[in-house]
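# What the coordinates show
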Amino acid sequence: IDIATYLVLSCIMGETKVPSKEEIYQMNKDIIMDGMNIPYVRGYVDWPYNIVLQEAYDEEEIPDMDACEGAVADYYVRRLAQAARDGHYPVDFGSMKGLSKIGEMLVEQQMHSNNDGGEGDSRHKTTVHDLTEKQCERFKSLHTENVGVPLKERWITLDHSLSPVDMVDGNQKK
């Protein structure tokens, strides 16, 4: 949301040229064509391909699932990075052509979030702080590279009147 806001404001303020209809068409075409080389991205826009891909997934015929998921994460972070660059966002993630160190860290964290987000239906209720200490080590601040700190309880059930120290170390006051 932050990056989209910067991009829109940059266009409104005249810092970024608003592309013509033809330029937008070409930009979108280029983005889609770039995604056609990534099976899961292609599956979103090519429904017959998606059906075949799903069958291969069901039959466990996809040789390197991590590589496929990594390519998807890289693709989406490169798109985000380009929007950030175009909107003069204050953090350099890289561009559509390549990622900065921060952009690469974001891809890595996206990969971990796909694999460590929790179990079953509870996955959407978890944050990095709901993971184990070992899992939290995979998530670092993009700015300071400090690792995440696990909480003693799930964030959604914490007593939020406690101080942050009490939430982290579990010394909850009764």
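Structural data are supplied above this passage.
This report concerns the structure included in the present document. For clarity, every value in this text was computed on a predicted model and none was experimentally measured.

Glancing now at the overall build of the chain. On a plain count of helices and strands, the chain comes out with 8 helices and 0 strands. Sequence-ordered secondary structure for the chain, helices as α and strands as β, is α-α-α-α-α-α-α-α. Counting the 174 residues in the chain, one finds 29% classified as buried. Long-range contacts, defined as pairs at least 24 residues apart, comprise 45% of the intrachain contacts of the chain with a sequence gap of at least 6. When the accessible surface of the chain is summed, it comes to about 12000 Å², and 56% of that surface belongs to carbon and sulfur atoms.

Under the definition given, this model contains 6 salt bridges. With a shortest N-O distance of 2.8 Å, D74 and R78 are connected by a salt bridge. Taken as a pair, D74 and R78 lie in helix α5 (residues 65-86) at a separation of 4 residues, close to a single helical turn. On the basis of relative accessibility, which here comes to 27%, the residue D74 falls in the partly exposed class. Here R78 falls in the buried class, since its relative accessible area comes to 12%.

Before going further, it helps to examine the nonpolar core. If you look at the biggest cluster of nonpolar residues, it comprises 13 residues, and the most contacted ones within it are I3, A84, Y89, F93, L99 and V107. At 4 residues, α5 tops the list of elements feeding residues into this core. Not counting the four nearest positions on each side in its chain, Y89 is found in contact with D2, I3, Y6 and A84.

By the secondary structure assignment, H112 is in helix α6 (residues 101-116). A sequence separation of 24 residues divides H112 from C136, and the C-alpha atoms of the two residues are 9.7 Å apart.

In this section: the environment of T132. Considering the arrangement of structural elements, one finds T132 in the loop between α6 and α7 (133-136). A residue is classified by how much of its surface remains accessible, and T132, at 43% relative accessible area, is partly exposed. For the pair T132 and G148, spaced 16 residues apart in the sequence, the C-alpha separation amounts to 9.9 Å.

Applying the stated criterion across every chain yields a total of 3 aromatic pairs. Between Y75 and Y76 the ring centres are 5.1 Å apart and the planes differ by 70°, which places this aromatic pair in the edge-to-face class. Of the residues examined, Y75 reaches a relative accessible area of 3% and is grouped as buried. Residue Y76 is classed as partly exposed on the basis of its relative accessible area, which comes to 35%. Here the aromatic rings of Y89 and F93 are separated by 6.1 Å at their centres, their planes lie at 20°, and the arrangement is stacked. Comparing Y89 with F93 shows no difference in burial state: the two are buried.

The next point concerns the side chain of S100. Take S100: it is sitting in the loop between α5 and α6. We classify S100 as buried; its relative accessible area is 16%. Beyond its immediate chain neighbours, meaning those up to four positions away, S100 contacts D92, F93 and G94.

A cluster of like negative charges, contributed by E55, D58, E59 and E60, occupies part of the molecular surface. With respect to the helices, strands and loops of the structure, E59 is situated in the loop between α4 (47-58) and α5.

Okay, the side chain of S10 next. Tracing the sequence through the fold places S10 in helix α1 (residues 2-12). A polar contact is formed between the side chain of S10 and the side chain of T16, at a distance of 2.4 Å. Excluding its chain neighbours within four sequence positions, the residues that come into contact with S10 are E15, T16, D86, G87 and H88.

Rules and cut-offs
Residues numbered from 1 in each chain as written. Predicted model: local features only at pLDDT ≥ 70, side-chain atom pairs only at ≥ 80, totals over all residues. Heavy atoms only, no water. Helix = DSSP H or I, 4+ residues; strand = E, 2+ residues; numbered from the N terminus. Buried < 20%, exposed > 50% of the residue type's maximum accessible area, 1.4 Å probe, protein only. Contact = heavy atoms within 4.5 Å. Areas by Shrake-Rupley, 256 points an atom, 1.4 Å probe, with all protein chains shown as cover. Salt bridge = Lys/Arg side-chain N within 4 Å of Asp/Glu carboxyl O. Core = buried A, V, L, I, M, F, W, Y, C linked by side-chain atoms within 4.5 Å. Phe/Tyr/Trp six-rings, centres within 6.5 Å; stacked < 30°, edge-to-face > 60°. Patch = residues over 30% accessible without salt bridge, like charges linked within 9 Å, V, L, I, M, F, W, Y side chains within 5 Å. Lys, Arg positive; Asp, Glu negative; His and termini not counted. Charge placed at Lys NZ, Arg CZ, Asp CG, Glu CD. Polar contact = N/O pair within 3.5 Å; in protein donor to acceptor, adjacent residues only side chain to side chain.

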